[in-house]
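An overview of the molecular structure
Spelled out, the chains give:
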Amino acid sequence: GENVEQHPSTLSVQEGDSAVIKCTYSDSASNYFPWYKQELGKGPQLIIDIRSNVGEKKDQRIAVTLNKTAKHFSLHITETQPEDSAVYFCAASRSGGSNYKLTFGKGTLLTVNP
Amino acid sequence: DVKVTQSSRYLVKRTGEKVFLECVQDMDHENMFWYRQDPGLGLRLIYFSYDVKMKEKGDIPEGYSVSREKKERFSLILESASTNQTSMYLCASSFRWQETQYFGPGTRLLVL
């Protein structure tokens, strides 16, 4: 089955700096890569996703890049703010039957220091 | 707004008890999921359902069962709770495959 590795497990940045979280996946047939943000005491919430037919996607201060050849994808947050502090999870899935299920990385705790 | 609700935020049970965790979504979603979240292990899929009365095992189904009698409701059952099932349990739903999964707030279960 799919295996998703996520790094780093913790990341501390100063407000205004950029943050980058990286994930690698094992199944070359995976074609959907979402990122979820989990704030304290809440369930995860989708913040951005990318499909394998594009290499980059941006939404304001958040961007995701995908390198299918190397089987890795990254989340980039620019101009970080204290409210960006949360746990971030990457995930991957492939098409076809129950293979649609998401496999999550272990998460990155991002702390943005004021 | 999609809303996924879980029956309890916190639950304390004894070893050997039968435990029911309930999840309800209000957006007519086809797919529903149960995950458990443990520190350092991320989110792991226990079971999922793609239609009423349809279910499939996820990555860690041992010790769990599920029930989906109505489209909006997906129940997770611990037939005989054990201490290693102490965890945070998250329910999610999605309209279609490879689309946004909407998560509930989670149930923190402690098995003594």
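This text follows the structure it describes.
Heads up: these notes are all about the structure in this document.

**Considering the interface of chain B and chain A**
Between chain B and chain A, the contact holds 20 residues from the first and 21 residues from the second. Here chain B and chain A share an interface that buries about 1,700 Å² over both sides, 56% of which is from carbon and sulfur atoms. Sorting the residues of chain B by area buried against chain A places L43, W97 and Q98 of chain B first, and these three jointly supply 36% of that buried surface. Where chain B meets chain A, there are one salt bridge. A salt bridge links D59 of chain B to K101 of chain A; the shortest N-O distance between them is 3.0 Å. Linking chain B to chain A there are eight residue pairs in polar contact (both at pLDDT 80 or more). Take the side of chain B that touches chain A: its biggest share by element is four residues, from strand β5 (residues 42–51) of chain B. Its residues assigned to classes, the side of chain B that touches chain A shows nine nonpolar, seven polar and four charged.

**Examining the sheet that holds strand β6 (residues 56–59) of chain A**
Residues and elements named next belong to chain A. Across the sheet, which stays open at both edges, the five strands sit in the order β1-β3-β8-β7-β6 with antiparallel pairing between neighbours. In this open sheet, the two strands that pair with only one neighbour each are β1 (4–7) and β6. Averaged over all adjacent pairs, the angle separating strand axes in this sheet is 15°, with direction ignored. Bridge count between strand β7 (residues 62–67) and strand β8 (residues 72–77): six bridges; the pairing is antiparallel. Its bridge partner being in β8, L66 is matched across the sheet by F73.

**Some words on the nonpolar core**
Counting 24 residues, the largest nonpolar core has W35, F73, L75, Y88 and L110 of chain A as the members making the most contacts within it. Contributions of two or more residues to this core are made by β2 (10–14), β3 (19–25), β4 (30–38), β5 (45–51), β7, β8, β9 (86–94) and β11 (108–113) of chain A. Judged by nonpolar contacts, the second largest core, of 20 residues, contains M32, W34, L78 and C91 of chain B.

**So, the sheet that holds strand β3 (residues 19–25) of chain B**
All names here are of chain B. Read across the open sheet, the four strands follow the order β1-β3-β8-β7; overall the sheet is antiparallel. A strand with exactly one partner marks an edge of an open sheet, and here the two such strands are β1 (4–6) and β7 (64–70). In this sheet, neighbouring strand axes are inclined to one another by 20° on average, regardless of whether the strands run parallel or antiparallel. Where β7 lies against strand β8 (residues 73–78), five bridges are found, and the strand directions are antiparallel. Bridge pairing in β8 links V66 to L76.

**Re unusual backbone geometry**
Of note, the bond from H7 of chain A into P8 of chain A is cis; its omega dihedral lies within 30 degrees of zero at -5°. Mapped onto the elements of the fold, P8 of chain A is located in the loop between β1 and β2. A positive phi angle, near 45°, is found at E79 of chain A, a position not held by glycine. Position of E79 of chain A relative to the elements: it lies in the loop between β8 and β9. For D28 of chain B, which is not glycine, the phi dihedral falls at a positive 60°. Mapped onto the elements of the fold, D28 of chain B is located in the loop between β3 and β4 (31–38).

**With respect to the packing of aromatic side chains**
Under the counting rule described, the total for this entry stands at 15 aromatic pairs over all chains. Ring plane angle 90° and centroid distance 5.5 Å describe the contact between F104 of chain A and Y35 of chain B, whose orientation is recorded as edge-to-face. Of this pair, F104 of chain A sits in strand β10 (residues 103–104) while Y35 of chain B sits in strand β4, on two different chains. Its relative accessible area of 8% is what places F104 of chain A among the buried residues. Judged by relative accessible area, which is 0%, Y35 of chain B ranks as buried. Each ring, one from F33 of chain B and one from F48 of chain B, has its centre 6.2 Å from the other, and the planes form 25°; the classification is stacked. Separated by 15 residues along the polypeptide, F33 of chain B in strand β4 and F48 of chain B in strand β5 bring together distant segments of the chain. Residue F48 of chain B is classed as buried on the basis of its relative accessible area of 0%. Here a set of aromatic residues connected by ring pairs shows up, and it is made of Y36, F89 and F104 of chain A together with F33, Y35, F48, W97 and F103 of chain B.

Criteria and thresholds
- Within each chain, residue numbers correspond to sequence positions counted from 1 in written order.
- Chain A is the first chain written and ligand 1 is the first ligand written, with later ones labelled in order.
- Residue-level local features of this predicted model are given only where pLDDT is at least 70; pairs of side-chain atoms are given and counted only at 80 or more, and the full residue set underlies all totals for whole chains, interfaces and linings.
- Computation of side-chain values covers all heavy atoms of the structure but excludes hydrogens and water.
- Contacts are residue-level and defined by heavy atoms, with any inter-residue pair within 4.5 Å sufficient.
- Note on terms: buried area is the combined drop in 1.4 Å-probe accessible area of two parts once they are placed together, counting the loss on both.
- Each reported salt bridge corresponds to a side-chain nitrogen of Lys or Arg within 4 Å of a carboxyl oxygen of Asp or Glu.
- Pairing of N or O atoms within 3.5 Å defines a polar contact, subject to two protein rules: one partner must be a possible hydrogen donor and the other a possible acceptor, and residues neighboring in sequence count only if both atoms are side-chain atoms.
- Helix and strand assignments follow DSSP, with helices taken as H or I runs no shorter than four residues and strands as E runs no shorter than two, numbered in order from the N terminus.
- Charged residues are taken to be Asp, Glu, Lys and Arg, nonpolar residues to be Ala, Val, Leu, Ile, Met, Phe, Trp, Tyr, Cys and Pro, and polar residues to be all remaining types, Gly included.
- At least two DSSP bridges between two strands are required for those strands to pair.
- The convention used is that axes are lines fitted to C-alpha atoms, helices contributing only their stretch in contact, and that angles between N-to-C directions extend from 0 to 180 degrees.
- To define a nonpolar core, start from buried Ala, Val, Leu, Ile, Met, Phe, Trp, Tyr and Cys residues and group those joined through side-chain atoms within 4.5 Å.
- The buried label applies to any residue whose accessible area, calculated with a 1.4 Å probe on protein chains only, is under 20% of its type's maximum; exposed applies above 50%, and partly exposed to all values in between.
- For Phe, Tyr and Trp, rings pair up if their centres lie within 6.5 Å, where Trp contributes its six-membered ring, and each pair is then called stacked (planes under 30 degrees apart), edge-to-face (over 60) or tilted (otherwise).

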